[in-house]
Amino acid sequence: MSAGRAVTFAHANIALAKYWGKRDVANNVPAVPSLSVTLEGMRTSTTLELDGSLSADTFELNGTAAPTDALARTVTLLDRVRREAVRATYARVSSQNDFPTASGLASSASGFAALALAAVTAYGLDWDTARTSDLARRSSASAARSLLGGFVELGNELPSSGVLGAKQVAPPDQLDVRVLVCVTSEGQKAIGSTDGMGRTATKSPYYAAWVERAPEMFGELKAALLAKDLERVGELTEASALAMHASAFAAGVVYVTGATLEAMTRVRELRASGLAAWATMDAGPHVKVLVSRTDSAAVKAAMERVPGVLRVLEAKPGAGAGVIEGGK
């Protein structure tokens, strides 16, 4: 494989069966399995170029120098790649998100997926998708899923081989659905996901119940997806989000705002009126609505009128990460 420069992209993914908590903190192994959908649009584009004149890695995010913690996580990933490539050259990294960053819209998932693919490509490693997904997971567990398209699972097993990558469960057209992302804030969330998970694990009286129940919901949701049962997928998607946040709430980890609650209430009202729509949330104030394609226009129009919803992004299941420049 050629090396030196790579331009890559990856898309955000939305977890239907949630991951929350870590089984192995040091190796970033999730406490529970998860199942997500990769979204067309909501894209991170990353350029990585090796530069022998650099004395350290540099990272520019959305046109400005990245925050210290983001740079540190980037360097950690690059150090892993350099060890495998037996190459010490530092890298110049530039990433651009076409959606709000660090606000609970899965920018770390698409970001680290694109970075992992760019690093493997630029440093000349001939890795398959599973190993690249494992690399991304070590920086952000949800990033492992953004390497693949359609509906994707990430397990929580401790891998004997040392590799725990995500796997595609079903292609993008498995369900005729859309995901409506109801943006309620453009700013950075107050509690990062890693911190929120740690607090939940140590302080929530319901965390053990979450860890016990989440794998069951994952299995049920996967079966419903494979059966193309949209209603059951939607019910379990909403149930998983509520269970995750209930566990976090009890530890004082609160991501919802008034706009979040207004949006979730509106989704339930729309469903009661006969529309196929179900709400989910990640670690942020935004509400994502899983909706049948035929009902998406009506649901989107209704969600745009919810107080506190700034805008509604519409996406469909899409492809995984890719290389624009570099590689073979």
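Up top you'll find the structure we're talking about.
Throughout what follows, the structure given in this document is the object of discussion. (Residues numbered from 1 in each chain as written. Predicted model: local features only at pLDDT ≥ 70, side-chain atom pairs only at ≥ 80, totals over all residues. Heavy atoms only, no water.)

## Let's talk about the overall build of the chain
Looking only at helices and strands, the chain has nine helices and 14 strands in total. The C-alpha atoms of the chain give 19 Å as radius of gyration, which agrees with the globular expectation for 328 residues (20 Å, within 12%). Considering only intrachain contacts with a sequence separation of at least 6, the fraction spanning at least 24 residues in the chain is 76%. When the accessible area of the chain is evaluated, it comes to approximately 13100 Å², of which 50% is carbon and sulfur surface. (Helix = DSSP H or I, 4+ residues; strand = E, 2+ residues; numbered from the N terminus. Rg over C-alpha atoms; globule rule 2.2 N^0.38 Å. Contact = heavy atoms within 4.5 Å. Areas by Shrake-Rupley, 256 points an atom, 1.4 Å probe, with all protein chains shown as cover.)

## A word on the packing of helix 1 (residues 68-85) against helix 3 (residues 129-139)
In the contact formed by helix 1 and helix 3, the axes pass within 9 Å of each other and the chain directions differ by 145°. Crossing of helix 1 against helix 3: the hand is right-handed. Across from Arg73, Leu77, Arg80, Val81 and Glu84 in helix 1, the residues of helix 3 making contact are Arg131, Leu135, Arg138 and Ser139. Considering only residue class, the contact of helix 1 with helix 3 consists of three nonpolar, one polar and five charged. (Axes fitted to C-alpha atoms, helices over the stretch in contact; angles between N-to-C directions. Left-handed = near helix turned anticlockwise from the far one by under 90°. Nonpolar A, V, L, I, M, F, W, Y, C, P; charged D, E, K, R; others polar.)

## Looking at the side chain of Thr280
By the element assignment, Thr280 lies in strand 11 (residues 277-280). Leaving out residues up to four positions away in the same chain, Thr280 has contacts with Ile14, Ala15, Lys18, Thr237, Ala241, His286, Val287 and Lys288.

## Notes on helix 9 (residues 296-304)
Every buried residue of helix 9 is listed here: Ser296, Val299, Ala302 and Met303. Projected down its long axis, helix 9 carries its buried residues within an arc of 135°, all on one side. In this structure, the buried residues of helix 9 make contact with strand 10 (177-183), helix 8 (258-272), strand 11, strand 12 (287-292) and strand 13 (311-315). (Buried < 20%, exposed > 50% of the residue type's maximum accessible area, 1.4 Å probe, protein only. Arc of directions from axis to C-beta.)

## Quick look at the nonpolar core
Residues Trp20, Leu48, Leu77, Leu78, Tyr123 and Trp210 are the most contacted members of the largest nonpolar core, which totals 54 residues. Take this core: its biggest share by element is nine residues, from helix 2 (residues 107-122). Contacts of Leu77, omitting those with residues within four sequence positions, involve Phe112, Leu115, Ala116, Ala119, Leu135 and Ser139. Residues Leu16, Met42, Val183 and Leu221 belong to the second largest nonpolar core, which totals 27 residues. (Core = buried A, V, L, I, M, F, W, Y, C linked by side-chain atoms within 4.5 Å.)

## Overview of helix 5 (residues 193-203)
Looking at helix 5, one finds that the buried residues are Gly196, Met197 and Thr200. Each buried residue of helix 5 lies within a common arc of 100° when the element is viewed along its axis, so the set occupies one face. Pointing more than 90 degrees away from the buried face of helix 5 are the exposed residues Thr194, Thr202 and Lys203.

## Brief notes about the pairing of strand 11
What you see with strand 11 is no split at all: Ala277 and Ala279 on one side and Trp278 and Thr280 on the other are buried throughout. Across four bridges, strand 11 lies against strand 12 in antiparallel orientation. Bridge pairing in strand 12 links Ala277 to Val291. Counted between consecutive antiparallel strands, the loop separating strand 11 from strand 12 contains six residues. (Pairing = 2+ DSSP bridges.)

## Some thoughts on the environment of Arg213
Checked against the element boundaries, Arg213 lands in helix 6 (residues 207-226). A distance of 3.3 Å separates a polar atom in the side chain of Arg213 from a polar atom in the side chain of Glu220. (Polar contact = N/O pair within 3.5 Å; in protein donor to acceptor, adjacent residues only side chain to side chain.)

## Section: the packing of aromatic side chains
Counting across every chain of the model gives one aromatic pair. On the basis of an interplanar angle of 85° and a centroid distance of 6.1 Å, the ring pair of Trp20 and Tyr255 is categorised as edge-to-face. Separated by 235 residues along the polypeptide, Trp20 in the loop between strand 1 (5-17) and strand 2 (22-24) and Tyr255 in the loop between helix 7 (230-249) and helix 8 bring together distant segments of the chain. Positioned above the aromatic ring of Phe9, the side-chain terminus of Arg43 is 4.2 Å from the ring centre. (Phe/Tyr/Trp six-rings, centres within 6.5 Å; stacked < 30°, edge-to-face > 60°. Lys NZ or Arg CZ within 6 Å of the ring centre and 35° of its normal.)

## Looking at the pattern of salt bridges
Per the counting criterion, the structure on display carries 19 salt bridges. Beyond isolated ion pairs, a larger network of salt bridges with shared partners links Arg213, Glu216, Glu220, Arg232 and Glu235. (Salt bridge = Lys/Arg side-chain N within 4 Å of Asp/Glu carboxyl O.)

## Section: the sheet that holds strand 10
An order of 11-12-10-13 is seen for the four strands of this open sheet, with the pairing classed as antiparallel. Each edge of the open sheet carries a strand with a single partner, namely strand 11 and strand 13. Each adjacent strand pair in this sheet contributes to an overall mean axis angle of 25°, direction not counted. Here five bridges tie strand 10 to strand 13, and the two strands are oriented antiparallel to one another. Within strand 13, the residue paired with Val181 across the bridge is Leu313. Contacts from helix 7 reach strand 10, strand 11 and strand 12 within the one sheet, and its direction differs from that of strand 11 by about 25°.

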